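Next come the chains, spelled out residue by residue.
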Amino acid sequence: MKNKERRPGAKPFPGAKAKASGDTRPGSAKPYPSKGRDDRPARPPRRDAEAPKPKPQPQSPDVTAEPARALTIRNGDRPAERVPLILESSGAGDFHLIDSGDGLKLEQYGPYRIVRPEAQALWPKALPTHVWDKADAVFTGDTDEDGMGRWRFQREALGETWPLSLLGVDFHGRFTAFRHVGVFPEQIAHWSWMKEKIEAADRPLKVLNLFGYTGVASLVAAAAGAEVTHVDASKKAIGWARENQSLSRLDKAPIRWICEDAMKFILREERRGHRYDIILTDPPKFGRGPNGEVWQLFDHLPLMLDICRELLAPKAVGLVLTAYSIRASFYSIHELMRETMRGKGGLVESGELVIREAGLDGKTPGRALSTSLFSRWVPK
């Protein structure tokens, strides 16, 4: 789901000794650090004017720091490619896109119609003004993807949360200060693909969901029969995801909820030799880990994908990357994915995720709204 809600003075991730490998050449990568979806700025610590200042203490090495892990430049043929691939969603369950235009979108989420900013909607609105004026909630404030604002309720105050359902999974929608509502429905295309692969497998597949946010993807995977590891650096997002697990009656499903910096987690998984059949990664363009680690998409994405390759099981089903709110072509992440997967065979398919307008009735196709870039490696 869109990271969508994302978030200096921070600990940089330790970089970079090259690791030896028979068919690889050592490269370099900028030191890393990551954040989940709750990017509200952290409140500064309260200062007590009467408290004495602590005496400075001598600095000692951080014995908990992760070992260095450098990017590995790989040899071998690049995988086959399929571009451009447009994955379209017209809605599912309690969601559909009603209309868009003039920098806004009108959406149906269960019983509520809501209006949110959408910079990609360059065209005029298709539906008349009186339809838009009947929306239950309108997000106002900073129109930047990560900007904070507030919700204006047109007729009556609404509760903070409300029930939703998607692909057979129940969860809570929520009016957040970052205009998001707890689910990124353009991901339906990836989730449907994942659900199909899990249900068709002759064994329980292991799924790793990085930057997993409120857990809808993790619950879809678990409901289909997968063993899921869900990672997000936000305690609030993890708490929300656990609530969604209970709402979906999946309390006994094999899901590990990990509140940790994503990069630190996958580095540890690599050292432990743990492997996954499907890896979903949906990183923000900028984020912060729970201990001040800083994530910068353009600096740290190559290393993250390199580690994810090492975490793929011998009979892996796929590695999926989604990128939001970045000034780049899908070809950028497409070529990065092909370089990462050199010598692995398979196919890299890349393009955009779009949502098709469906009108007031949810059945009248309209224009396609581009939401994000993606790249997906699959075995042939």
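As a convention, each chain's residues are numbered from 1 in the sequence order in which they are written. Only residues with pLDDT of at least 70 are given local features in this predicted model, and only at 80 or more are side-chain atom pairs given and counted; all residues enter the totals for whole chains, interfaces and linings. Values shown for side chains rest on all heavy atoms present in the structure; no hydrogens or waters enter the calculation.

**Some words on the overall build of the protein chain**
The numbering of helices and of strands both runs from the N terminus, where a helix is a DSSP run of H or I of at least 4 residues and a strand a run of E of at least 2. Helix and strand counts for the protein chain come out as 7 helices and 19 strands. Working definition: with a 1.4 Å probe on protein chains only, accessible area under 20% of the residue-type maximum means buried, over 50% means exposed, and in between means partly exposed. Expressed as a percentage of its 380 residues, the buried residues of the protein chain come to 54%.

**Details of helix H7 (residues 330-340)**
Considered for burial, the residues of H7 that qualify are Phe330, Ile333, His334, Leu336, Met337, Arg338 and Thr340. As for H7, its buried residues are in contact with strand E2 (72-74), strand E3 (80-89), helix H6 (297-311), strand E17 (318-323), strand E18 (347-356) and strand E19 (368-378). Nitrogen and oxygen atoms within 3.5 Å of one another constitute a polar contact, given that in protein one can donate a hydrogen and the other can accept it, and given that sequence-neighbouring residues count only through two side-chain atoms. The N-terminus of H7 is capped by serine 329, whose side-chain oxygen sits 2.9 Å from the backbone nitrogen of tyrosine 331. Residue contacts are counted whenever heavy atoms from the two residues lie within 4.5 Å of one another.

**Here we look at the sheet that holds E3**
Across the sheet, which stays open at both edges, the 8 strands sit in the order E3-E18-E19-E17-E14-E11-E12-E13 with mixed pairing between neighbours. The strands lining the two open edges of the sheet, one partner per strand, are E3 and strand E13 (255-259). Each neighbouring strand pair of the sheet contributes to a mean axis angle of 15 degrees, computed without reference to strand direction. By definition, two strands form a pair when at least two bridges between them are found by DSSP. Sheet topology places E17 next to E19; 5 bridges connect them, and they run antiparallel. Looking at the pairing, leucine 321 lines up with serine 375 of E19. Orientation is described by axes fitted as lines to C-alpha atoms, over the contacting stretch for helices, and by angles from 0 to 180 degrees between their N-to-C directions. Together, strand E12 (227-232) and E13 form the strand contacts of helix H4 (residues 235-247), whose direction differs from that of E13 by roughly 160 degrees.

**Examining the environment of leucine 219**
Along the chain, leucine 219 falls in helix H3 (residues 216-224). Judged by relative accessible area, leucine 219 falls into the buried class, the value being 0%. A C-alpha to C-alpha distance of 6.7 Å links leucine 219 and glutamine 245, two positions 26 residues apart in sequence. Once you skip the residues sitting within four places of it in the chain, leucine 219 turns out to touch Val169, Asp170, Asn244, Gln245, Ser248, Leu250, Ile255 and Trp257.

**Digging into the confidence of the model for the protein chain**
pLDDT is defined as a per-residue confidence score from the predictor, taking values between 0 and 100. With 80% of its residues at a pLDDT of 70 or more, the protein chain shows a mean pLDDT of 85. In the predicted structure, residues 1-29 sits below a pLDDT of 50 and forms 116 contacts with residues beyond four places in sequence or in another chain.

**Examining the pairing of strand E5 (residues 104-109)**
Within a regular beta strand, the side chains point alternately toward one face of the sheet and then the other, so they alternate between its two faces. In terms of burial, E5 is largely enclosed, as 5 of its 6 residues are buried. Pairing analysis gives 6 bridges linking strand E4 (residues 95-101) to E5, with the strands arranged antiparallel. By the bridge assignment for E5, aspartate 99 is matched with leucine 106. Hairpin remark: E4 followed by E5, antiparallel, with 2 residues in the connecting loop; positive phi at aspartate 102, about 55 degrees. Note: E5 against strand E6 (residues 112-117), 6 bridges, orientation antiparallel. If you follow leucine 104 over to E6, its bridge partner there is proline 117. Connecting the antiparallel pair E5 and E6 is a turn made up of 2 residues, with glycine 110 showing a positive phi of about 60 degrees.

**Structural notes on the packing of aromatic side chains**
Side-chain rings of Phe, Tyr and Trp (the six-membered ring for Trp) are treated as a pair once their centres are within 6.5 Å; stacked means planes under 30 degrees apart, edge-to-face means over 60, and tilted covers the remaining angles. Within the structure shown, the criterion is met by 11 aromatic pairs. On the numbers, 5.9 Å between centres and 65 degrees between planes, the contact of tyrosine 213 with tryptophan 240 is edge-to-face. On the criterion of sequence distance, the pair formed by tyrosine 213 in the loop between strand E11 (206-210) and H3 and tryptophan 240 in helix H4 is long-range, its members being 27 residues apart. With respect to class, tyrosine 213 is no different from tryptophan 240; both count as buried. By the ring-pair criterion, three or more aromatic residues cluster together here, those being Tyr112, Phe139, Trp151, Phe153, Trp162 and Phe175. Put simply, a charge is over a ring when the Lys NZ or the Arg CZ is close to the ring centre, within 6 Å, and near the line of the ring normal, within 35 degrees. Positioned above the aromatic ring of tryptophan 132 is the side chain of lysine 125, whose terminal nitrogen or guanidinium carbon lies 4.3 Å from the ring centre. Arginine 174 extends its terminal NZ or CZ atom over the ring of tryptophan 240, reaching a point 4.4 Å from the ring centre.

**Digging into the nonpolar core**
Formed by 49 residues in total, the largest nonpolar core has its most connected members in Met194, Ile198 and Ile278. When near neighbours in sequence (up to four residues on either side) are disregarded, isoleucine 278 contacts Trp193, Met194, Lys197, Ile198, Leu205, Lys206, Val207, Leu208, Val317 and Gly318. In terms of nonpolar packing, the next biggest core, distinct from the first, is built from 35 residues, Leu210, Ile266, Tyr276 and Ile333 among them. To define a nonpolar core, start from buried Ala, Val, Leu, Ile, Met, Phe, Trp, Tyr and Cys residues and group those joined through side-chain atoms within 4.5 Å.

**Observations regarding the sheet that holds strand E7 (residues 137-141)**
What holds strands together in a sheet is hydrogen bonding between their backbones, with the strands either parallel or antiparallel. Strands sit in the order E4-E5-E6-E7-E8 across an open sheet of 5 strands; the sheet is mixed. Each edge of the open sheet carries a strand with a single partner, namely E4 and strand E8 (149-153). Geometrically, the sheet is characterised by an average inter-axis angle of 25 degrees between neighbouring strands, direction not taken into account. For E6 and E7, the ladder comprises 2 bridges, and the chain directions are parallel. Directly across from valine 115, in E7, lies its bridge partner valine 138.

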